[in-house]
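Structural description and commentary
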Amino acid sequence: MVFVYHCFDRIVIHGYLSGLSRPEQVVHFFRRVVGVAAVEKEVLSRRTADYQTWVEAYAHNHGLPIEWAEKGVRKEDHVLPWLRRMTKKDAYGVYFIFKSMEQGPTFRITVPKYPTADPNYRILANQRSRFTHYYFYIRDEVLGPLVLRVASFFPFQTTYYLNGHSFIERELSRAQIGFRKNDNAFLAVDDVAALQAAADRLSPDIIRKRLDYWTLIVGPKFSAKERNAINLSRFYAISQIEYCRNFIFKRNFPIHKLFERSCELGLWRLTADKMAAIFGTRLSRRHRGKLVGLLERIEHGHHVYRAYFKNAFLKQYEKFATFLRNELCSNNLTDFGLKKGLDHLDAVRTKFQAITDRFAGFQAQWLNVHVDFPLLQRISLPIIVGAVRYPGIKIHDVRIIRLLEVLLHGGTHVGGWTAKEIHQALLTTFRLSERAYGLNQLRYDLRKLKGHGLIERDGSRYAYRLTAKGVQVALLFLLFHKRLCGPLANSRFHHRPDPQHRPESRLEAAYHRADKAIENIVELLAAA
């Protein structure tokens, strides 16, 4: 593993007009501030039409594309070319506007069934209806790319879609710290501590300041008189939030094996009581909502492990071959005893960090086992390098075993062995004749080892030495034959050691323990 970092990933925030959230506040606004006698449907529609006209004019004046969202088209993928142009020019601002027909909160206006003393009295009630929403795609100087959705009908509810990785990217760029980022994942960074510090700097004050700015720029317009009369302001509440803990590896092999093993153990070991312990709650009969673990497949065949808890879920998946993520997503912060206000973002970070830490701790205990690495299977297959085909290397090939043993014990040959020196050492060590093992046979074996990356030449000289991989493979082959396979085969077919005998040799005692352990493994496998 190279490094680990944790941060907020996706944050969805709702913005409410604090002075126009209830029906009586709307009546007061239009009758006392605007000066309308009766709050009719036409009065609310006029404000909607004014805002829609302003959006069309704003797009025209700034040369922005404005389109209706098509069904089946992912908005983020559609606007990506415009975002790349903004990034290339290092420009900030709105770069695309989508229109979409969606449901949102509005008011229903009805005339009272029985006449009242006030002929202009109308009944206002909250309801949800379908109307136009505008998606403003923005590249912000502080938060990076974000999306602002504005409802075009009263009370003009706004929704903001942020990504914590975009904020970290802007922070690292300002600090001139090198990094490599793909989508919403950092795969390499020059300073890991600076990466984590940038993630921890995302605060409610920074977010509120940028949201207020863009709401003022592209949101519905209110005059100074109207704002002063009702003390108009926006209240920001967290609707959905994702917090992730990311593990970055150098190679794909360990991450793939770890993820496979964690999925198996998660389905087997992550029971309801352990899930409750991870999410920091006590399991009781009054528990409401989900509490289950399952394995899912997404579009491209990648597996995702999920553990559901009420309106939240904890998921794990691998990405970009060397990236493993544990991610906690919540659609209702009250499940964790947290408040939804943006000011409580630090409390959310503390709570979610503890949950992902417990989940990683459970997995660390489960994964403290051996996993299978099919080295013998891989190295026994032929490989093609360029236009040259190299045969595979079999673990039972006696010639290869002898050659690796000679190369491994070449302590006096720092600059590498020539083919003639290796040949002479083989004939002397194993008492072979040139007829039994000729120089051409040795060159054929050296060619195989070089093709598999087990030996290398010393510069331009025709002298050979083991690579780092070659040393490990040579040790594995020799230990397997001399210390494991040979003694165990002898005890199995020629002489089975007496289990009651207690040898004085530490080596023989170790062989006895190994033989007993292998017997237990065979019995367990037979029982399974």
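The paragraphs below set out a description of the structure included in this document. (Residues numbered from 1 in each chain as written. Predicted model: local features only at pLDDT ≥ 70, side-chain atom pairs only at ≥ 80, totals over all residues. Heavy atoms only, no water.)

Focus on the sheet that holds strand β3 (residues 93–110)
Taken together, 11 strands build an open sheet; the order of strands is β2-β3-β4-β5-β6-β1-β9-β13-β12-β11-β10 and the sheet is mixed. The open sheet has two free edges, formed respectively by β2 (66–68) and β10 (290–297), since each of these has just one partner strand. Across the sheet, the axes of successive neighbouring strands diverge by a mean angle of 20°, strand direction being ignored. Examined bridge by bridge, β2 and β3 share three bridges and lie parallel to one another. By the bridge assignment, Trp68 is partnered in β3 with Lys99. Strands β1 (3–17), β3, β4 (123–140), β5 (144–151), β6 (158–163) and β9 (234–248) of the sheet are contacted by helix α7 (residues 204–218), whose axis makes an angle of about 125° with β9. (Pairing = 2+ DSSP bridges. Helix = DSSP H or I, 4+ residues; strand = E, 2+ residues; numbered from the N terminus. Axes fitted to C-alpha atoms, helices over the stretch in contact; angles between N-to-C directions. Contact = heavy atoms within 4.5 Å.)

A word on the pattern of salt bridges
Think of it this way: side chains of opposite charge can pair up when their charged atoms draw near. Applying the stated rule across the entire model yields 20 salt bridges. Glu171 is the salt-bridge partner of Arg201, the closest N and O atoms lying 2.9 Å from each other. In this pair, Arg201 is assigned in the loop between α6 (192–200) and α7 and Glu171 in helix α5 (residues 164–174), connecting sequence segments 30 residues apart. What makes Arg201 partly exposed here is its relative accessible area of 39%. Glu171 sits in the buried class, given a relative accessible area of 15%. In this structure, Glu327 and Arg325 form a salt bridge, with 3.6 Å as the shortest nitrogen-oxygen distance. The burial state of Glu327 is the same as that of Arg325; both residues are buried. Among the ionic contacts, a cluster of salt bridges with common partners joins Asp9, Lys315, Arg325 and Glu327. (Salt bridge = Lys/Arg side-chain N within 4 Å of Asp/Glu carboxyl O. Buried < 20%, exposed > 50% of the residue type's maximum accessible area, 1.4 Å probe, protein only.)

What to know about the sheet that holds strand β16 (residues 417–418)
Spatially, three strands are ordered β16-β18-β17 in an open sheet, and the strand pairing comes out antiparallel. Pairing within the sheet leaves two strands with one partner each, and these edge strands are β16 and β17 (455–457). One ladder, built from three bridges, connects β17 with strand β18 (residues 463–466); its direction is antiparallel. If you follow Ile455 over to β18, its bridge partner there is Leu466. Against the sheet, helix α13 (residues 398–408) makes contact with β16, β17 and β18, and its axis sits at roughly 90° relative to β18, the strand it touches most.

A short note on the side chain of Ser380
Tracing the chain through its elements places Ser380 in the loop between α12 (375–379) and β14 (383–385). Looking at Ser380, its side chain comes within polar contact range of the main-chain oxygen of Gln377, at 2.8 Å. If we skip the residues at most four places from it in the chain, Ser380 touches Gly392, Ile393 and Lys394. (Polar contact = N/O pair within 3.5 Å; in protein donor to acceptor, adjacent residues only side chain to side chain.)

Thoughts on the environment of Ile248
By the secondary structure assignment, Ile248 is in strand β9. Distance in space between the C-alpha atoms of Ile248 and Leu324 is 6.4 Å, their sequence separation being 76 residues.

Section: helix α14 (residues 419–430)
Its 12 residues give α14 an end-to-end C-alpha distance of 17 Å, which sits within 8% of 16 Å, the value for a rise of 1.5 Å per residue. Those residues of α14 that fall on the buried side of the exposure criterion are Ala419, Ile422, His423, Ala425, Leu426 and Leu427. Buried residues belonging to α14 abut α13, β16 and α15 (439–451). With its phi angle positive at about 55°, Arg431 sits one or two positions after the end of α14. (Expected span 1.5 Å × (residues − 1).)

Description of the packing of aromatic side chains
Tallied over the entire structure, the rule returns 22 aromatic pairs. Aromatic side chains Phe3 and Tyr5 sit 6.2 Å apart centroid to centroid with 25° between the ring planes, which places their arrangement in the stacked category. Taken individually, Phe3 and Tyr5 each receive the classification buried, so the pair is uniform in this respect. Pairwise contacts between aromatic rings join Tyr51, Trp54, Tyr58, Tyr134, Phe136, Phe156 and Phe222 into one cluster. Between the NZ or CZ atom of Arg85 and the centre of the ring of Trp82, over which it lies, the distance is 5.3 Å. (Phe/Tyr/Trp six-rings, centres within 6.5 Å; stacked < 30°, edge-to-face > 60°. Lys NZ or Arg CZ within 6 Å of the ring centre and 35° of its normal.)

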